[in-house]
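Tertiary structure, described
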Amino acid sequence: MSKGITKRSDDYSRWYTDLVLRSELADYSPVKGCMVIRPNGYALWENMQKELDGMLKATGHQNAYFPLFIPESFLHREKEHVKGFAPECAVVTYGGGKELEEKLVVRPTSETIIYSMYSKWIQSYRDLPLLLNQWANVVRWEKRTRLFLRTTEFLWQEGHTVHETEQEAEEEVLRILEIYRTFLEDYLAIPVLTGRKSEAEKFAGALRTYSIEALTQDRRALQAGTSHNLGQNFAKAFNVNFQNRKGEMEFAWQTSWGVSTRLIGGVVMVHGDDQGLILPPRIAPTQVILIPIWKNDEEMREILPMLASIQADLKGVARVASDTREEYSPGWKFNNWELRGVPLRIELGPRDAAKKSVMAVSRLDRKKCVIPQGEIRSRIPVLLEEIQKNLYDRALAFREENSSEVDDYETFRSLMAEQPGFVNAFWCGQASCESKVKEDTKATIRVIPMKETGEKGACILCGNRSEGRVTFAKAY
RNA sequence: CGGGGCGUGGCGCAGCCUGGUAGCGCACCUGCUUUGGGAGCAGGGGGCCGGAGGUUCGAAUCCUCUCGCCCCGACCA
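Parameters at a glance
- Residues numbered from 1 in each chain as written.
- Chains lettered and ligands numbered in written order.
- Predicted model: local features only at pLDDT ≥ 70, side-chain atom pairs only at ≥ 80, totals over all residues.
- Heavy atoms only, no water.
- Helix = DSSP H or I, 4+ residues; strand = E, 2+ residues; numbered from the N terminus.
- Rg over C-alpha atoms; globule rule 2.2 N^0.38 Å.
- Buried < 20%, exposed > 50% of the residue type's maximum accessible area, 1.4 Å probe, protein only.
- Contact = heavy atoms within 4.5 Å.
- Areas by Shrake-Rupley, 256 points an atom, 1.4 Å probe, with all protein chains shown as cover.
- Salt bridge = Lys/Arg side-chain N within 4 Å of Asp/Glu carboxyl O.
- Pairing = 2+ DSSP bridges.
- Core = buried A, V, L, I, M, F, W, Y, C linked by side-chain atoms within 4.5 Å.
- Domains from an automatic or database assignment.
- Polar contact = N/O pair within 3.5 Å; in protein donor to acceptor, adjacent residues only side chain to side chain.
- Axes fitted to C-alpha atoms, helices over the stretch in contact; angles between N-to-C directions.

Along chain A, the regular secondary structure elements total 14 helices and 25 strands. In terms of overall size, chain A behaves like a compact globule, its C-alpha atoms giving a radius of gyration of 25 Å where 476 residues would be expected to give roughly 23 Å. The proportion of buried residues among the 476 residues of chain A is 53%. Within chain A, counting contacts between residues at least 6 apart in sequence, those at least 24 apart form 69% of the total. When the accessible area of chain A is evaluated, it comes to approximately 21700 Å², of which 49% is carbon and sulfur surface.

Structure, rendered in structure tokens:
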């Protein structure tokens, strides 16, 4: 057991907080609800950024940067949007010692400021599609915060695209959803459900919202990314129009989508254990930690050069670091690097040196294997990929174990109370049934699955005809 | 905003009820011995007890006010 970390089985919520603090991903700041992302956490974010940014650029998106401040009036132009965001906005009223003529809202999201510019830039169908993304911070004055999962200020990327037709916009929204799914599954090793949000859960101002949903170890849903088809709602509010191929003026079709530093919280919650973090190799800042073992100076002089040459050997093959500190014992280092979630540890001591091998230990299950030093370069990448895959498989198995189909409300209620998870049940489509379920069980509709199975049934609550199952869960 | 908890060396806490000028563990520094799952011994440095006011000969401790943080709920990526 790692010292100072609450066990998951004792108090999952405290385990999470302990882990984030102890592994030095983040720390509380002097500002309420705001956290400091420490180097360990930020390196993780940088790796996520790098991969996702590459995927977005590969699909034709470019990065840009828009202002932090938004004139207050902009927010009010789209009725639903202001209703959704105004209550959680921070507003600047003073600047340079004077009261401002127009208050400035610190962006909670950037649709309005970005689209005011789009309206200026777009004249013709030849200007479309416009595919921009920005990496930025946003501020939402949440009533209750939680490290990474919900903080007053957070980092994210927000994509904002403009299209000629409704169909193109819809294709874009689904393309992004698929990128998000791939990114989470292939890089973060987090299996996700994809689907559409109900009217109650959709983005303020959107026509339709799609999302990816992960399941944490305490069996709650974590919304990990959203992709919105904005239709022409914002185009009308910000006059984003263009002359189409027939020579007529037409409002543009827009999308917006984002993932945030919440993903870091997701990685912690989905993969972590009582020893600490477990980072998926593909995004782990350090993939392999080399730990030397010696009893005396003579052994140290033998081991250290060998360790250095192994590190050099792995250059370009894996992200490696070695911990040659003399003030800590090997046992201490084992625990410390496990806490930090480094996927693979390589131990090199006198016994290994004699055999010209090393001991590799997986963070996932502490399984050890001996690797001849000549094979390190070829074997390590294979081991890392294996850990990546096992991590995903384990998370997927957990999700499957905690997913079910339920057809009567009593079972549904007791399940949500005792052993929640993803519960697939029939829903008639009425907001009233959705909110009653929430009131009774705290569960909400996480997604309406993309693919129709064709299976019809009766709404779990009212019994009316349902066109298909939707996925309920208690959400973060 | 409602409920609960907490502010005492860097961190975690005890002391407060029954006032007498601060203690423990970890961390840190020095030295020696150690090092294959969180080493041992010895020595050492560091806090005026969230803030303000009051009671008292005397306040970390009692009273009043205040600030802040964390957790649980309603709002939410």
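Opposite charge on two side chains permits them to pair, given that their charged atoms come into close proximity. The tally for this structure, following the rule as stated, stands at 30 salt bridges. For Arg-181, the salt bridge identified is with Glu-185, shortest N-O distance 2.5 Å. Remark: Glu-185 and Arg-181 occur in helix 6 (residues 166–187); sequence separation between them is four residues, near one turn of the helix. Judged by its relative accessible area of 25%, Arg-181 is partly exposed. Of the charged contacts in the structure, one is a salt bridge between Arg-325 and Asp-323, with a shortest N-O distance of 2.9 Å. In this structure, a network of salt bridges that share partners links the residues Lys-197, Glu-201, Glu-213 and Arg-446.

We now examine the environment of Leu-263. With respect to the helices and strands, the residue Leu-263 is situated in helix 8 (residues 262–271). Counting along the chain gives 115 residues from Leu-263 to Phe-148, while the straight-line C-alpha distance between them is 7.8 Å. With near-sequence residues (within four places) excluded, Leu-263 lies in contact with Met-48, Phe-183, Leu-184, Leu-188 and Ala-224.

Next up on the list: the pairing of strand 8 (residues 153–163). Across the 11 residues that make up strand 8, a large majority, 10, are buried. Pairing of strand 7 (residues 130–139) with strand 8 involves 10 bridges; the strand directions are antiparallel. Bridging across to strand 8, Leu-130 finds its partner in Val-162. Bridge count for strand 8 against strand 14 (residues 253–260) is eight bridges, and the pairing is antiparallel. By the bridge assignment for strand 14, Gln-157 is matched with Val-259.

With that settled, consider the nonpolar core. Tyr-16, Met-48, Leu-52, Phe-148, Leu-184 and Leu-188 are the most contacted members of the largest nonpolar core, which totals 51 residues. Mapped onto this core, the elements with two or more residues apiece are helix 1 (12–22), strand 2 (35–37), helix 2 (39–58), helix 6, strand 10 (208–215), strand 11 (221–231), strand 14 and helix 8. The biggest single contributor to this core is helix 6, with seven residues. Among the nonpolar cores identified, the runner-up in size contains 28 residues, and Ile-70, Leu-130, Val-162 and Ala-235 belong to it.

As far as domains go, chain A holds domain 1 (12–271), domain 2 (288–384) and domain 3 (404–473). Summarising the inter-unit geometry, the C-alpha centres of domain 1 and domain 2 are found 41 Å apart.

Once that is clear, we can look at the side chain of Thr-109. Within the secondary structure, Thr-109 is located in the loop between strand 6 (98–106) and helix 5 (111–121). Only 2.6 Å separates the side chain of Thr-109 from the side chain of Glu-111, close enough to count as a polar contact. If sequence neighbours within four positions are ignored, Thr-109 has contacts with Ile-70, His-81, Phe-85, Val-138, Arg-140, Trp-156, Glu-158 and Phe-203.

Our focus in this paragraph is the sheet that holds strand 16 (residues 320–322). What the five strands build is an open sheet, ordered 16-15-17-18-19; its pairing is mixed. At either end of the open sheet lies a strand with only one pairing partner, and these are strand 16 and strand 19 (368–372). Sheet twist, expressed as the average angle between the axes of neighbouring strands with direction ignored, equals 25°. Relative to strand 18 (residues 357–362), strand 17 (residues 344–348) runs antiparallel, the two sharing four bridges. What sits directly across from Ile-346, in strand 18, is Ala-360. Here helix 12 (residues 376–401) sits on the sheet in contact with strand 15 (288–292), strand 17, strand 18 and strand 19, set at roughly 155° to strand 19.

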